[in-house]
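Report on the structure
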Amino acid sequence: MARVSDRSQSIAERIAAASEAGTPLAITGSGSKAFYGRAPQGEALDVTGHRGIVNYDPTELVLTARGGTPLAEIETALDAEGQMLAFEPPRYGGGGTLGGAVAAGLSGPRRPFTGAVRDMMLGTRVANGRGEIMRFGGEVMKNVAGYDVSRLMAGSLGTLGVILEISLKVLPRPVAAHTVVLETPMGDVFRHSEDWLRRGMPLSATAHDGERLYVRLSGARSAVEDATRALGGERIDDAPGFWRSVRDHTHDFFTSEGPPLWRLALPPGAPLPALDGALFSEWAGKQLWLRSAADAESIRRETARLGGHATLFRGGDRSGEVFHPLEAVTLRLHRELKRAFDPAGVLNPGRLYPNL
Amino acid sequence: MSAHALFRPEDTRFQVDADRLIERLARVLPAEGLVVDEDARRPYECDGLAAYKQLPLLVAIPDTIAQVQEVMAICSELNVPVVARGSGTSLSGGSLPHPQGVLLSLARFNRVKHIDAERRLARVEPGVRNLAITEAAAPHGLYYAPDPSSQIACSIGGNVGENAGGVHCLKYGLTVHNVVELTVVTVDGDLVTIGSEAPDSPGYDLLALFHGSEGMLGVIVDITVQLLPNPLTKDVLMASFDRVEDGGRAVAAIIAAGIIPGGLEMMDGPATRAAEDFVHAGYDIEAGAILICELDGSAAEVADQREAVEAVMREHGATAIQVAADDAEKARFWAGRKAAFPAAGRLAPDYYCMDGTIPRKHLATVLQRISEISEAHGLQTINVFHAGDGNLHPLILFDANQPGQLEAAEAVGSAILQLCVEVGGTVTGEHGVGMEKINEMCVQFASAEIEQFHAVKRAFDPQGLLNPGKAIPTLNRCAEFGKLHVHKGELPHPELERL
């Protein structure tokens, strides 16, 4: 039996006290993404004790769980009903909590075809920087009552509130899946993916390791079989294992010793960036991983030239600008929003941007 | 509606020097772009919710983004409220003018700027009609997925403001899932880009926050949406059930079988008969409910799914199932559903369309309660709904010429929305809060939440000039409405004196 525990009140009280004293808090879950974002500062606020699935109704396609619930526990419950978290949250180091997945806003291989973590958000319960517990959204698919604070939480890195509870849209797990491997240059991934999608093929992931393109097809058995025949290519031995290694960064590209790891998010059809280093492509070419010793400024300039943005994902200087710098008006809106949720500035200060 | 007070004193606190405002705006707008004359302002006095009427102080109709920026800068400087408006099809009074403010019409922003067929993106101005995007994309074999029933008339800027849905959103998402970038004019006239063509952007997800924000955070002047390839194959099935509950169970079973249809819509018996009388779609007028199910994908996939869906429907008591033989028949099956609202107009002189969402498992109970509530007020309600996602649209039939019926319709509507909250749903699934449901917001949210909404609003609009009095109630309004969200036995708004 999974452990279930509601620590909402004690978390809220701790925040209220910190707010009064002006003590910064570093919200911590399993620590699987401790490397991500700017260096944490402040007293640890451990939320892993606040856990458990609160409600799961497969025919409503909705699951609600507390922030500290391990992803593995949620995925096991969904799997038993033939369902899944369609955004495939990464489980770096094999761990991760649901709250951490939402706060980091990271999505896995299926993202360009089914949606990101923010796309699946239906509702949240959060404790803001004053320690007030509030509920936004809910457990229904369509809801436009009030501002969409739930989706705002995705990717906010805990700077706006401690995520106590999350309601997510879940999806049926495809009945069939198959991965084919093709010899084609990395620069052609978008063009090929588009062609296959327009031909009705059930694409659910692409990955190019610099040498070969891996294409996952998932859906109705007939659709997967038809597409597999049309694409040709080779088989791989352990397709689920391969996609897990891409999702969780256990693939050789990510584990080898080397320069810092950058994540480049690019518009559809963008050419490959003119940057020194090794590239790994995902999301039909819209997410590139770059291992490069090049300086941050030149990486950002080249990525911005292509219409995208670059994040210093792992390694390098975690005290500088880890995320792409914001324009002046956008930065002002960010500061005002932060103040609206956390006037004393105690929740994960500086984790996303300096002074935020 | 009339029984509600529209604007409250705190929403109309502005001291506006109209002559000075006119003089300043006249310098930046083209001559025909500033409407001062009362007769010319009259057509703007209401939106799709015609029971609420309010003349704006002025109407501004800019031609360019630079003019929008100047209008906002002037209004900020002079502390004048602004209500942005596209096609004005809001069903919740979201674009109802403010008596002391400028109605900012974006009607001239009606161009599809660019269809990028290769990358499946469309860049459009906010006044472009929803359907016009799909029409512009059609020659490339592409379409824009969110399809509100008003898509022939409603504009995309308003779709973002309300996070509009439609028949296809169970599978293809709402507006928020299909818009990638916005250009926004802030309340003080700055221009800012929100979102990006890339899969995400750095920082907070302001793109999500703008969806459904009802014109309260900024003025949208440019929108990039993603387009989808037309499905290769589409099948439309129509099934009859003796009882709405059986149809509801069939819906749950289809989803439990792992199938997400492109569209899944239900009508109760009275709605079916009204639609059939109106469009002669061949609907089963003996049925207690009909379910329309659209499946799309590759030919093999659709064939597999159709077989599975038919089996599930029969297992859950379908008394008849028809599969549309050709495109004409598919269109006919849909025609009645899409014409359900005008069809209701033939049953009674007036009807009031509600919009709430519930967890689907409570469908039978909720429909039973709706019928009881309506009867208690001496009215009839017919039901059409997005069965796949639990979004209900009860149509309350009444005659405004009969004394008391308008107020009764309003009371039924409010009771239905409160019922939606009671079973774990929401007071609005896709029409927005606007002016119409602002009191019911007090039922769904406690005071800390309402205060947090106001704090979010202040982050973007510290003077409270954008669409004041809409979407988020003041705590004073909630106290006066007297319908307060009671959470764990604690009354919200304990800081307010009880009347």
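Sequence positions are assigned chain by chain, starting from 1 and proceeding in written order. Both sets of labels track the order of writing: A upward for chains, 1 upward for ligands. Only residues with pLDDT of 70 or above have their local features reported here, since the model is predicted, and side-chain atom pairs are shown and tallied only from 80 upward, although totals for entire chains, interfaces and linings are computed over all residues. Water and hydrogen atoms play no part in the side-chain values, which are based on all heavy atoms of the structure.

**Side note on the overall build of chain B**
- Across its full length, chain B carries 17 helices and 19 strands.
- Its C-alpha radius of gyration of 23 Å places chain B within 12% of the 23 Å reference for a compact globule of 499 residues.
- Each principal axis of the C-alpha distribution contributes one length, and for chain B these read about 70 × 60 × 45 Å.
- For each residue, the accessible area found with a 1.4 Å probe, counting protein chains only, is set against the maximum for its type, and the residue is called buried under 20%, exposed over 50%, and partly exposed in between. Evaluated residue by residue, chain B yields a buried proportion of 64% over its 499 residues.
- Considering only contacts in chain B between residues 6 or more positions apart, those separated by 24 or more positions represent 72%.
- A distance of 1 Å separates the average location of the 39 positive side-chain charges in chain B from that of its 67 negative side-chain charges. Helix and strand definitions follow DSSP, with helices as H or I runs of at least four residues and strands as E runs of at least two, each counted in order from the N terminus. With the radius of gyration taken over C-alpha atoms, the globule rule is written as 2.2 Å times the number of residues to the power 0.38. By definition in these notes, contact holds between two residues if any of their heavy atoms fall within 4.5 Å. By the counting scheme adopted, Arg and Lys are positive, Glu and Asp are negative, and His together with the chain ends is not counted. Where a charge lies is defined by one atom per residue type: Lys uses NZ, Arg uses CZ, Asp uses CG and Glu uses CD.

**Observations concerning the confidence of the model for chain B**
Residue and element names in this part refer to chain B.
- pLDDT expresses how confident the predictor is about each individual residue, on a scale running from 0 to 100. The share of residues in chain B with pLDDT of 70 or more is 96%, and the mean pLDDT across the chain is 93.
- Taken as a whole, residues 491-499 scores under 50 in pLDDT and shows 22 contacts with residues more than four places along the chain or in a different chain.
- Here the complex is predicted with pTM 0.96, and the ipTM for its interfaces comes to 0.97.

**Observations concerning the domain arrangement of chain B**
- Residue ranges for the domains originate in an automatic or database domain assignment. Per the domain assignment, the segments of chain B are domain 1 (3-105), domain 2 (112-229), domain 3 (233-341), domain 4 (348-422) and domain 5 (441-497).
- Placing a centre on the C-alpha atoms of domain 3 of chain B and another on those of domain 5 of chain B gives a separation of 41 Å.

**Some points on the domain arrangement of chain A**
Residue and element names in this part refer to chain A.
- For chain A, the assigned domains read domain 1 (6-172) and domain 2 (176-247).
- On a C-alpha basis, the centres of domain 1 and domain 2 stand 30 Å from each other.
- Tallying the contact residues gives 10 residues for domain 1 and nine residues for domain 2.
- When two components associate, each loses some accessible surface as probed by a 1.4 Å sphere; the sum of these losses over both components is called the buried area. For the domain 1 and domain 2 pair, buried surface summed over both sides reaches about 750 Å², with 59% attributable to carbon and sulfur atoms.

**A look at the interface of chain A and chain B**
- Counting from both sides, the interface comprises 71 residues of chain A and, opposite them, 83 residues of chain B.
- Summed over both partners, the interface of chain A with chain B buries about 6,000 Å², with 60% contributed by carbon and sulfur atoms.
- Area buried by chain A at its contact with chain B is led by Lys142, Val144 and Tyr147 of chain A, which between them contribute 17% of it.
- Salt bridges, as used here, are contacts in which a Lys or Arg side-chain nitrogen is within 4 Å of a carboxyl oxygen on Asp or Glu. Connecting chain A to chain B are seven salt bridges.
- Between N or O atoms, a polar contact is any pair within 3.5 Å; within protein, one atom must be a potential hydrogen donor and the other a potential acceptor, and residues adjacent in sequence are included only when both atoms are from side chains. At the boundary of chain A with chain B, the tally comes to 29 residue pairs in polar contact (both at pLDDT 80 or more).
- Where the side of chain A that touches chain B is concerned, the elements lending two or more residues are α5 (117-120), β7 (133-137), α6 (149-153), β9 (171-172), α7 (189-198), α8 (221-231), β13 (261-265) and α12 (328-341) of chain A.
- If one sorts the elements of the side of chain A that touches chain B by residue count, α12 of chain A sits on top with 10 residues.
- The residue inventory of the side of chain A that touches chain B, partitioned by class, reads 33 nonpolar, 16 polar and 22 charged. For this classification, the nonpolar set comprises Ala, Val, Leu, Ile, Met, Phe, Trp, Tyr, Cys and Pro, the charged set comprises Asp, Glu, Lys and Arg, and every other residue, Gly included, is treated as polar.

**Digging into the packing of aromatic side chains**
- Centre distance within 6.5 Å is the pairing criterion for rings of Phe, Tyr and Trp, where only the six-membered ring of Trp is used; planes under 30 degrees apart are then read as stacked, over 60 as edge-to-face, and the remainder as tilted. With the rule as written, the count across this model stands at 19 aromatic pairs over all chains.
- On the basis of an interplanar angle of 40 degrees and a centroid distance of 5.4 Å, the ring pair of Phe253 of chain A and Phe280 of chain A is categorised as tilted. A residue pair is termed long-range when its members are at least 10 positions apart, and Phe253 of chain A in helix α10 (residues 252-255) and Phe280 of chain A in strand β14 (residues 278-282) qualify at 27 residues. Accessibility assignment for this pair places Phe253 of chain A and Phe280 of chain A in one class, buried.
- Note on Phe254 of chain A and Trp289 of chain A: the rings are 5.6 Å apart at their centroids and 85 degrees apart in plane angle, and the pair reads as edge-to-face. Taken together, the residues span a long stretch of sequence, with Phe254 of chain A in helix α10 and Trp289 of chain A in strand β15 (residues 287-291) at a distance of 35 residues.
- By the ring-pair criterion, three or more aromatic residues cluster together here, those being Phe35, Tyr36, Tyr92, Phe253, Phe254, Phe280, Trp289, Phe313, Phe323 and Tyr353 of chain A.
- Sitting over the ring of Phe35 of chain A, Arg314 of chain A keeps its end group 3.7 Å from the ring centre.
- The ring of Trp334 of chain B has Lys338 of chain B sitting right over it, with the charged end atom 5.9 Å from the ring centre. Criterion for a charge above a ring: Lys NZ or Arg CZ within 6 Å of the ring centre, and within 35 degrees of the ring normal.

**Brief notes about the packing of α8 of chain A against helix α10 (residues 299-315) of chain B**
- For helices, the fitted axis covers only the stretch in contact; all axes are lines through C-alpha atoms, and the angles between them, taken along N-to-C directions, range from 0 to 180 degrees. At a closest axis distance of 7 Å, the pairing of α8 of chain A and α10 of chain B adopts a crossing angle of 165 degrees. Relative to α10 of chain B, α8 of chain A is oriented roughly antiparallel. The chirality of how α8 of chain A crosses α10 of chain B is right-handed. Here Arg221, Ser222, Ala223 and Asp226 of chain A of α8 of chain A lie close against α10 of chain B, whose contacting residues are Ala300, Glu301 and Asp304 of chain B. Oblique is the label for every angle not falling under 35 degrees (roughly parallel), over 145 degrees (roughly antiparallel), or within 65 to 115 degrees (roughly perpendicular). Should the near helix be turned anticlockwise from the far one by less than a right angle, the crossing is termed left-handed; should it be turned clockwise, right-handed.

**Points about the sheet that holds strand β9 (residues 191-195) of chain B**
Residues and elements named next belong to chain B.
- Should DSSP find at least two bridges between two strands, the strands are taken to pair. Here we have five strands laid out as an open sheet, ordered β5-β6-β10-β8-β9, and antiparallel in their pairing. Edge strands, defined here as strands with exactly one partner in the open sheet, are β5 (112-116) and β9. Neighbour-to-neighbour, the strand axes of the sheet open up by a mean angle of 15 degrees, direction not taken into account.
- As paired elements, strand β6 (residues 121-124) and strand β10 (residues 219-226) share four bridges and run antiparallel to each other.

**Re the side chain of His249 of chain A**
All names here are of chain A.
- Tracing the backbone through its elements, the reader meets His249 in the loop between α9 (239-247) and α10.
- Among the residues examined, His249 registers a relative accessible area of 6% and is labelled buried.
- Leaving out residues up to four positions away in the same chain, His249 has contacts with Tyr92, Arg244, Phe254, Thr255, Leu261, Trp289 and Phe313.

**What about unusual backbone geometry?**
All names here are of chain A.
- Backbone geometry at Leu61 places phi at a positive 60 degrees, although glycine is not the residue there.
- Residue position: Leu61 is located in the loop between β3 (53-57) and β4 (62-66).
- Unusually for a residue other than glycine, His249 sits at a positive phi of about 60 degrees.

**Quick notes on the nonpolar core**
- Nonpolar cores are built from buried Ala, Val, Leu, Ile, Met, Phe, Trp, Tyr and Cys residues. Side-chain atoms within 4.5 Å join them into one set. Grouped together as the largest cluster of nonpolar side chains are 179 residues, with contacts concentrated most on Leu337 of chain A together with Leu182, Met313 and Phe460 of chain B.
- When residues in this core are grouped by element, the largest group, nine residues, is from helix α14 (residues 405-422) of chain B.
- Those residues in contact with Leu182 of chain B that sit more than four places away from it in its chain are Val160, Val192, Thr193, Ile194, Leu207, Phe210, Ile220, Asp222 and Ile223 of chain B.
- Core analysis: the second largest hydrophobic core is formed by 26 residues, Leu21, Leu34, Val80 and Val221 of chain B among them.

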